[in-house]
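What follows is the residue order along each chain.
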Amino acid sequence: MSLLNCWSILYEILVNENGVKTKRTRYRSLLTFSRLLSRTEHGKIEKGIRDKFNEYEVRLYFNEWLKALWLAPNQWVHSTRDSSIRVTRYFIPFWNITLQGSVQCSLSTKSNLPFRHDENYYSHREWHSFPLEIENIHFNNINIYGSDKLDKYHVQKLDVSFDDDQLSDLTDEDRILAKPTIDKDEALHNAWILIIKPLLEDMCLRQTQEKYPKFENPRIDSFHLTINSKQERLLYYPIYVINYTYDSKFIYTCLFDGVTGHITGDRQFSTIKVMLATLATFYPMLKIGIFSFGTLANLLFAFEIASDLSFIVCLPIAAIVAPCVGLYARSYAKNYKQELSQIQWKQDQSKALKFTYDSFKSIEESKENEDSNINSDKQSI
């Protein structure tokens, strides 16, 4: 935005419809003008995608979202609307990451080894490890939430994507631009856990099945990604934050995608409805589970134990399990806000310990540092 545009905006805000200046408009205009002028001087332009919905449409979509789940409590559906909810429009920051590199993977697979015992032949399964390397891996349009104000798992479910043709200058939306709280290194770490690592796992398994089709149930033990090139940029995406309270003092949050209209967030469940659903599905699900477990030993054995399971035997078990499931579902949203999201994040971090990444530049820098240290030690000697 040019300096001339800044002065024109200042003039338009300072003068009201009657051409009279007021104290309130003067204060707002000076504040807006100072923001625009500072961004113009520093050449900082915030880019992102503009939203396609207004607040009225967001409330209509949210009302339909409440009714869409049969397991939702009726009180929540009827009470969480209109003035009882608060809708706030934001442009939230995302780190848009593009990288290219190669991955070295270590996998294992089972093999049946025959052996003889008392004139009978048996098979014994053993795990065997083998390496796999994939070159020229490209990841484009990886978007990770650039703040810690909202739940990262809820934001990730929105499936945010940026198209360069849709990017706009959001400098005039400075009031509702949420500020980033994590840098690009932490953003890459979060993207590694939530996005890149699962993509690499699927890629390695597909490559293994194509290269070694006879291998049975391959599993990934570890892999390391060497990043040859990487590019990050900070972009903004329209999100409507919907806050509501229900049956407690907790403030629950839902997120409305300002581009696609998708909604995710804290959803409530009815204890009675979940209990009824559990009672209706417990017997067939238990029978399928026992049959699946029995197939690990023998197919005929699986049929026998599954057929011996009767509905009368399952009924008292279902009567005990159903209330527990119903109470857990009812308190899930509250427990998730208190501790479950942190527990899930710690578990995902611990699962990613065997899967590492490093940039090619950092490897070269570490080697140069080692060489300089060796040379300094020789000189000191």
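The structure under discussion appears in the preceding block.
Predicted, not measured: the structure shown is a model, and the values here were computed from it.

### Some points on the overall build of the chain
Of the regular secondary structure elements, the chain holds eleven helices and eight strands. Relative to its 381 residues, the chain shows a buried fraction of 35%. Sequence separation of 24 or more characterises 76% of the internal contacts of the chain that already satisfy a separation of 6 or more.

### Structural notes on the pairing of strand 5 (residues 216-245)
As judged from the five bridges shared by strand 5 and strand 8 (residues 355-359), these two strands associate in the parallel manner. By the bridge assignment for strand 8, F223 is matched with F355. Of the strand pairs in this sheet, strand 5 and strand 6 (residues 251-257) are connected by seven bridges, and their pairing is antiparallel. Note on strand 6: the bridge partner recorded for N243 is T253. Counted between consecutive antiparallel strands, the loop separating strand 5 from strand 6 contains five residues, among which D247 sits at a positive phi close to 55°.

### Points about helix 3 (residues 55-68)
Taking 1.5 Å as the rise per residue, helix 3 with 14 residues should run 20 Å; its terminal C-alpha atoms sit 20 Å apart, in good agreement. For helix 3, the N-terminal cap is N54; the gap from its side-chain oxygen to the backbone nitrogen of Y56 is 3.2 Å.

### Here's the deal with the pattern of salt bridges
Tallied over the full model, the rule gives seven salt bridges. Among the ionic pairs, E55 bridges to R59, the shortest N-O distance being 3.3 Å. On the criterion of helical spacing, the pair formed by E55 and R59 is a turn pair, its members being four residues apart in helix 3. Owing to a relative accessible area of 36%, E55 belongs among the partly exposed residues under this scheme. R59 gets classed as partly exposed once you look at its relative accessible area, which sits at 24%.

Conventions we followed
- Residues numbered from 1 in each chain as written.
- Predicted model: local features only at pLDDT ≥ 70, side-chain atom pairs only at ≥ 80, totals over all residues.
- Heavy atoms only, no water.
- Helix = DSSP H or I, 4+ residues; strand = E, 2+ residues; numbered from the N terminus.
- Buried < 20%, exposed > 50% of the residue type's maximum accessible area, 1.4 Å probe, protein only.
- Contact = heavy atoms within 4.5 Å.
- Pairing = 2+ DSSP bridges.
- Expected span 1.5 Å × (residues − 1).
- Polar contact = N/O pair within 3.5 Å; in protein donor to acceptor, adjacent residues only side chain to side chain.
- Salt bridge = Lys/Arg side-chain N within 4 Å of Asp/Glu carboxyl O.

On their own, these measurements won't tell you what the molecule is for.
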